[in-house]
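Below, each chain spelled out in residue letters.
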Amino acid sequence: MSTDVSTLELEEAGAVLAAESARFASFGWMRGTSGNLSVVLSRDPLRLAVTASGHDKGELTPADVVLVDGEGSAVSGGKPSAEAALHARVAALTGAGAVVHVHTVASVALGRRSPGGIVLSDLEMLKGVGVPAHDVEVTLPVIANSQDMTVLGDRLEGARDSRMPAVVVAGHGLYVWGDSPRQARHHTEVVEWLLELELTGTRG
């Protein structure tokens with residue numbers, strides 16, 4: 001075990017991530033073994049607990065997490081998600097304390113429909129991500145997918161809007177972050193609601 005993070009801290013993070021994963025899985029946002037979640041346990045050096053690869057996200061236990069470093073490489077535990085490096089990049093870039101990655105139909109569909117970004121305004125739910133409900137436009141960025149997490153991280157860094165704690169990866173899904181697992185969950189639910197509304201084509 002790394003001296004930076006105790007076994008108890010990792011187990012506690014695992015319990016939180018298992019509960020959050022079960023919640024998202026119940027919504028159908030993490031079908032099969034898709035999606036991954038993380039929580040920051042240390043800033044200097046950067047350490048994150050990330051859900052382990054290949055597990056049903058509705059059945060995780062507190063042990064189904066991996067401790068990774070700022071590059072997304074395993075420090076202890078099993079095999080992290082291949083996207084752990086992007087979680088670490090988001091945490092370092094935004095200062096987030098938790099990152100959520102889900103595979104929702106709305107995010108993939110809107111990514112195809114609006115590859116230049118999804119413009120949102122005049123919706124009360126925007127308050128849920130800290131954006132005024134009226135007279136302000138905010139863009140949810142859409143970036144091209146890549147299997148190279150460095151390339152994907154560069155695209156995210158170049159496209160992100162600091163007012164919007166989320167980005168859509170085209171043909172893939174949604175990344176959302178917050179100061180804590182609870183805030184990241186709330187942001188995810190709000191952004192997904194906005195996407196589902198946009199998908200109906202009835203807004204405005």
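As shown above, the structure is provided for reference.
Reference entry: report on the structure contained in this document. On a predicted model such as this, the values are computed, not experimentally measured, just so you know.

About the criteria used
- Residues numbered from 1 in each chain as written.
- Predicted model: local features only at pLDDT ≥ 70, side-chain atom pairs only at ≥ 80, totals over all residues.
- Heavy atoms only, no water.
- Pairing = 2+ DSSP bridges.
- Helix = DSSP H or I, 4+ residues; strand = E, 2+ residues; numbered from the N terminus.
- Contact = heavy atoms within 4.5 Å.
- Axes fitted to C-alpha atoms, helices over the stretch in contact; angles between N-to-C directions.
- Parallel < 35°, antiparallel > 145°, perpendicular 65-115°, else oblique.
- Left-handed = near helix turned anticlockwise from the far one by under 90°.
- Nonpolar A, V, L, I, M, F, W, Y, C, P; charged D, E, K, R; others polar.

1. A short note on the sheet that holds strand S8 (residues 142-143)
Inference 1: Taking strand neighbours across the sheet as the criterion, the eight strands line up as S4-S3-S2-S1-S5-S10-S9-S8 in an open arrangement whose pairing is mixed. Two strands lie at the open edges of the sheet, namely strand S4 (74-76) and S8, each paired on one side alone.
Inference 2: Where strand S1 (residues 36-43) lies against strand S5 (residues 98-102), four bridges are found, and the strand directions are antiparallel. Of the residues in S5, the one forming a bridge with serine 38 is valine 99.
Inference 3: Along the sheet face, helix H3 (residues 105-113) touches S8, strand S9 (166-169) and strand S10 (173-178) and points at about 110 degrees away from the line of S10.

2. Some words on the packing of helix H1 (residues 7-26) against helix H5 (residues 181-200)
Inference 1: Direction vectors running N to C along H1 and H5 enclose 15 degrees, while the axes themselves pass 11 Å from each other. What the angle tells us is that H1 and H5 run roughly parallel. Considering the relative orientation of H1 and H5, their crossing is right-handed. Facing H1, whose interface residues are Val16, Glu20, Arg23 and Phe24, H5 presents Pro181, Arg185, Thr188 and Glu189.
Inference 2: For the contact of H1 with H5, the class distribution of residues is three nonpolar, one polar and four charged.

3. Some details on the environment of valine 68
Inference 1: Structurally, the position occupied by valine 68 is in strand S3 (residues 65-68).
Inference 2: Distance in space between the C-alpha atoms of valine 68 and alanine 88 is 8.2 Å, their sequence separation being 20 residues.
Inference 3: Residues contacting valine 68, with those up to four places away along its chain left out, are Leu46, Arg47, Leu48, Val50, Ser73, Ala74, Val75, Pro80 and Ala84.

4. Some points on the packing of H3 against H5
Inference 1: One way to put it is that H3 packs onto H5 with a least axis distance of 9 Å and a crossing angle of 55 degrees. Classified by the angle between their axes, H3 and H5 sit oblique to one another. Helix-helix and strand crossings are classified by hand; for H3 and H5 the assignment is left-handed. Across the interface between the two elements, Ala106, Ser107, Ala109, Leu110 and Arg113 from H3 touch Glu192, Leu195, Glu196, Glu198 and Leu199 from H5.
Inference 2: Of the residues contributing to the contact of H3 with H5, the split by class is five nonpolar, one polar and four charged.

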